[in-house]
Amino acid sequence: MQRQDGQILVGSTSEQAAFDKGITESAREELLAFAQHILPAARSYPVIRQWAGLRPGSPGNIPVLGPLSTSSQVLLATGHFRYGLTTAPITAEIITDLVLGRSPSLDIQPYGLPTQF
């Protein structure tokens, strides 16, 4: 993707690395090869920056939504992994309903806190 300033942004990869935000050489090489394949002129472009981030996930990549426990005032909305952006609207609706004491439009029982935690 070319940014408004003319720079080209290439990404991304996904690795199971716990909380390690280190950059791997294999990911760098894979992305560089991809960019140069689809845009051969990129062979002459310098790599200016690369970074890594964390995508919190949950077992099975099923988000955790709802109360921390049956007597808790703590609500959870986590574990969306790479689907956070696309599921944000329904997550916001569900959490809003719970905060306001309404029944959510979606049955959240399957999205409760997994026993693995």
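All figures in this text were calculated on a predicted structure; none of them were measured in a lab.

Conventions we followed
- Every chain is numbered on its own, with residues counted from 1 as its sequence reads.
- Per-residue local features are limited, in this predicted model, to residues with pLDDT of at least 70; the limit for side-chain atom pairs, both in listing and counting, is 80 or more; totals at the level of whole chains, interfaces and linings are taken over all residues.
- Note that the side-chain values use all heavy atoms of the structure and ignore hydrogens as well as water.
- Only runs of H or I of at least four residues qualify as helices and only runs of E of at least two qualify as strands under DSSP, and these elements are numbered from the N terminus.
- The atom set for the radius of gyration is the C-alpha atoms, and the globule formula is 2.2 Å times the number of residues raised to the power 0.38.
- Relative accessible area decides the class of each residue, using a 1.4 Å probe on protein chains only: under 20% of the type maximum gives buried, over 50% gives exposed, and in between gives partly exposed.
- A residue's bend is simply the angle between two axes: one fitted to the seven residues ending at it, one to the seven starting at it.
- In what follows, a contact means two residues having at least one pair of non-hydrogen atoms within 4.5 Å.
- Whenever a carboxyl oxygen of Asp or Glu lies within 4 Å of a side-chain nitrogen of Lys or Arg, that contact is scored as a salt bridge.
- Side-chain rings of Phe, Tyr and Trp, where Trp is taken by its six-membered ring, are said to pair if the distance between their centres is within 6.5 Å; with planes under 30 degrees apart they count as stacked, over 60 as edge-to-face, and otherwise as tilted.
- Whether a charge sits over a ring comes down to the Lys NZ or Arg CZ being within 6 Å of the ring centre and within 35 degrees of the ring normal.
- What a helix should span is 1.5 Å times the count of its residues minus one.
- Comment: arc refers to directions from the helix axis out to C-beta atoms.

> Quick rundown of the overall build of the protein? Include the residues and the values.
Within the protein, the regular secondary structure consists of two helices and two strands. Against the 2.2 N^0.38 benchmark of 13 Å for 117 residues, the protein shows a C-alpha radius of gyration of 20 Å, more extended than a compact globule. Along the three orthogonal principal directions, the C-alpha set of the protein runs to about 60 × 30 × 20 Å. A burial count over the protein gives 17% of its 117 residues as buried.

> Let's hear about helix α2 (residues 84–99): which residues, and what values?
Along α2, the sharpest change in direction is near 35 degrees and occurs at I90. For α2, every residue scored as buried is listed here: T91, I94, I95 and D97. Contacts made by the buried residues of α2 are with β1 (64–67) and β2 (75–78). Downstream of α2 by one or two residues, G101 has phi in the positive range, about 75 degrees.

> Would you mind going over the pattern of salt bridges in detail, with residue names and values included?
Following the criterion strictly, the structure yields three salt bridges and no others. Ionic pairing is found between E29 and R28, a salt bridge with its closest N-O pair at 3.4 Å.

> So, unusual backbone geometry: which residues are in play, and what are the values?
A cis amide bond links G11 with the next residue in sequence, S12, at an omega value of 10 degrees. Phi angles above zero are rare outside glycine, and N61 is one such case at about 55 degrees. Its location among the elements puts N61 in the loop between α1 (25–38) and β1. Under the relative-accessibility criterion, N61 is labelled partly exposed at 36%. Not every positive phi belongs to a glycine, and F81 is a case in point at roughly 55 degrees. Residue position: F81 is located in the loop between β2 and α2.

> Account for the packing of aromatic side chains, with residues named and values stated.
Taken as a whole, this structure holds zero aromatic pairs when the rule is applied. Across the ring face of W51, the terminal group of R49 is positioned such that the distance to the ring centre comes to 4.3 Å.

> Outline α1, supporting the account with residue identities and numerical values.
Side chains that are three or four residues apart share a direction in an α-helix, a result of its 3.6 residues per turn. Compared with an ideal rise of 1.5 Å per residue, which puts 14 residues at 20 Å, α1 spans 20 Å between its outermost C-alpha atoms and is within 8% of the ideal. Here α1 has its buried residues at A27, A35 and Q36. Buried residues of α1, seen end-on, are gathered within an arc of 160 degrees and therefore sit on one face of the element. Facing away from the buried side of α1 by over 90 degrees, the exposed positions are E25, E30 and H37.

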